[in-house]
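Below are the chains, spelled out letter by letter.
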Amino acid sequence: MGTETANRRKELQAFYNTPAWRRTREAYRQTVGGLCEDCKARGIIKAGDCVHHVIPLTPSNLSSENITLDFANLRLLCDECHARVHQERGDETSAGRRKGKPIGKKRKRRYKIDENTGAVVIDTPPSRDFSL
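Quick look at the structure, then. Just so it is clear, the model here is predicted, and its values are computed rather than measured.

## Notes on the pattern of salt bridges
- Tallying each qualifying case throughout the model produces six salt bridges.
- Residue Glu 26 is joined to Arg 29 by a salt bridge in which the shortest nitrogen-to-oxygen separation is 3.8 Å. Of this pair, Glu 26 and Arg 29 both sit in helix α2 (residues 19-31), three residues apart, roughly one helical turn.
- Owing to a relative accessible area of 35%, Glu 26 belongs among the partly exposed residues under this scheme.
- A salt bridge links Arg 75 to Asp 38; the nearest nitrogen and oxygen atoms lie 2.5 Å apart.

## Details of the environment of Tyr 16
- Checked against the element boundaries, Tyr 16 lands in helix α1 (residues 3-16).
- Here the alpha-carbon distance between Tyr 16 and Thr 68, two residues 52 residues apart in the chain, equals 9.7 Å.
- Dropping the residues within four chain positions of it, Tyr 16 is found in contact with Trp 21, Arg 22, His 53 and Leu 57.

## Some thoughts on the packing of aromatic side chains
- If you walk through the whole model with that rule in mind, you get four aromatic pairs.
- Relative to Trp 21, the ring of Phe 15 has its centre 5.5 Å away and its plane inclined at 45 degrees; by these criteria the two rings are tilted. Trp 21 carries the same exposure label as Phe 15, and that label is buried.
- Ring plane angle 70 degrees and centroid distance 5.6 Å describe the contact between Tyr 16 and Trp 21, whose orientation is recorded as edge-to-face.
- We classify Tyr 16 as partly exposed; its relative accessible area is 29%.
- Feature note: the residues Phe 15, Tyr 16 and Trp 21 constitute an aromatic cluster, connected by ring pairs.

Rules of the game
- Residues numbered from 1 in each chain as written.
- Predicted model: local features only at pLDDT ≥ 70, side-chain atom pairs only at ≥ 80, totals over all residues.
- Heavy atoms only, no water.
- Salt bridge = Lys/Arg side-chain N within 4 Å of Asp/Glu carboxyl O.
- Helix = DSSP H or I, 4+ residues; strand = E, 2+ residues; numbered from the N terminus.
- Buried < 20%, exposed > 50% of the residue type's maximum accessible area, 1.4 Å probe, protein only.
- Contact = heavy atoms within 4.5 Å.
- Phe/Tyr/Trp six-rings, centres within 6.5 Å; stacked < 30°, edge-to-face > 60°.

Written out as structure tokens, the structure is:
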């Protein structure tokens, strides 16, 4: 990995650790109901895992709140859709580097919609503890 790439990753990681990004990410997740927007468009109900920037972040646009924190530049995606977007763009990101790994082979989580709030929650199966 080159020095330039390492510096870019450090700058981006510093942004992702800011309170402003964390607040924006959580507010956006709540605004769209916690579901993957790409899956939802295909009629699939699946929880979103990652708030993705449509216009990719670069060191030159990190100071622009229209790019970094604007809801119009964000999408909530599940891990599989996020990896697919980065693969299609050919990005050198952690999501884009998953090319050699099969997408969707990890253990599936089960989700349900909370009847009172409409939020997506993890549906925890009953304990398998058979001890008496």
